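Remarks on the overall topology
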Amino acid sequence: MTIATKYAKWEELAEGAERELTVGPITRTDLVRYAGASGDFNPNHHDEIYAIRAGFDKPFAHGMLQGGYLARLLSEWLGPDSFKNLKIRFSAQAWPGDMVICKARVVRQYEEAEQPMVEIEASAENQRGDVLIKATATAAPRS
């Protein structure tokens, strides 16, 4: 059985086109699930006492968990096989109880070697407007 998925076509990705995805609230269970899936068992993400002794109020989300949410937005919009690169810069922690609002915008549409391309600027913020991640991507969406 094949599941048909509609990804945006190059013609639909004019400069200024936007997409948004909100995930959350993040739970402690999300942190444990991500640790198990990624193999990242840094105690700052699950051990209350360790996180407090390290100077944090409580355990916080893995940066790549938020990066995964952002990658989900982009791959559901453009197709997972369309990416040429994705660069992510982490700037703040997300905490249990936070919402993660992922936003992406086409900043350039062009052709390279007769292949349709788009450049994307993206970010993930919490519900207070704190920027958690800034990202750029280049993709070759279907035409």
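Quantities reported herein were computed from a predicted structural model and do not represent experimental measurements. Each chain has its residues counted from 1, running along the sequence as written. Side-chain atom pairs in this predicted model are given and counted only at pLDDT of 80 or more, local residue features only at pLDDT of at least 70, and totals for whole chains, interfaces and linings cover all residues. Heavy atoms throughout the structure, all of them, feed into the side-chain values; hydrogens and water do not.

Moving on, we come to the overall build of the protein. Strands are runs of DSSP state E lasting at least 2 residues, helices are runs of H or I lasting at least 4, and numbering of each runs from the N terminus. Per the secondary structure count, the protein includes three helices and five strands. Referenced to the eigenvectors of the C-alpha coordinate spread, the extents of the protein come out at roughly 55 × 40 × 25 Å. Any two residues whose heavy atoms approach within 4.5 Å are treated as being in contact. The contacts of the protein with a sequence gap of at least 6 include a subset with a gap of at least 24, amounting to 70%. Reported accessibility uses the Shrake-Rupley method at a 1.4 Å probe radius. Residues are deemed covered only where the shown protein chains occlude them. Accessible surface for the protein amounts to roughly 8300 Å². Of this, 49% is attributable to carbon and sulfur atoms. When charges are counted, Lys and Arg are positive and Asp and Glu negative, with His and the chain ends excluded. Charge placement uses NZ in Lys and CZ in Arg. For Asp and Glu, CG and CD serve respectively. Between the centroid of the 17 positive side chains of the protein and the centroid of its 20 negative side chains there is a distance of 3 Å.

Joining through side-chain atoms within 4.5 Å is the link that ties buried Ala, Val, Leu, Ile, Met, Phe, Trp, Tyr and Cys residues into a set, and such a set is a nonpolar core. Exposure categories follow from relative accessible area, calculated using a 1.4 Å probe and restricted to protein chains: below 20% of the type maximum is buried, above 50% is exposed, and the middle band is partly exposed. Within the largest apolar cluster, 30 residues are counted, with the highest numbers of intra-cluster contacts made by Trp 77, Cys 102 and Ile 120. Of all the secondary structure elements, the ones that give two or more residues to this core are β1 (18–23), α3 (63–78), β3 (100–112), β4 (115–125) and β5 (131–139). Broken down by element, this core gets its largest block of residues, seven residues, from α3. Not counting the four nearest positions on each side in its chain, Cys 102 is found in contact with Arg 19, Glu 20, Leu 21, Tyr 69, Leu 70, Leu 73, Ser 123 and Ala 124.

Attention now moves to the packing of aromatic side chains. Put simply, two rings from Phe, Tyr or Trp (the six-membered ring, in Trp's case) pair if the centres are within 6.5 Å, and we call them stacked under 30 degrees between planes, edge-to-face over 60, tilted for the rest. For the coordinates displayed, the defined rule picks out three aromatic pairs. On the basis of an interplanar angle of 50° and a centroid distance of 6.4 Å, the ring pair of Phe 56 and Trp 95 is categorised as tilted. In this pair, Phe 56 sits in the loop between α2 (48–53) and α3 while Trp 95 sits in the loop between β2 (83–90) and β3, placing the two residues 39 residues apart along the sequence. Residue classification places Phe 56 among the partly exposed residues on the basis of a relative accessible area of 23%. Seen in terms of ring centroids, Phe 60 and Trp 95 are 5.5 Å apart; in terms of plane orientation they differ by 70°. Their pairing is edge-to-face. Highlighted residues: Phe 60 in the loop between α2 and α3 and Trp 95 in the loop between β2 and β3, separated in sequence by 35 residues. Judged by its relative accessible area of 16%, Trp 95 is buried. Ring pairing ties together the aromatic residues Phe 56, Phe 60 and Trp 95, which thus form one cluster.

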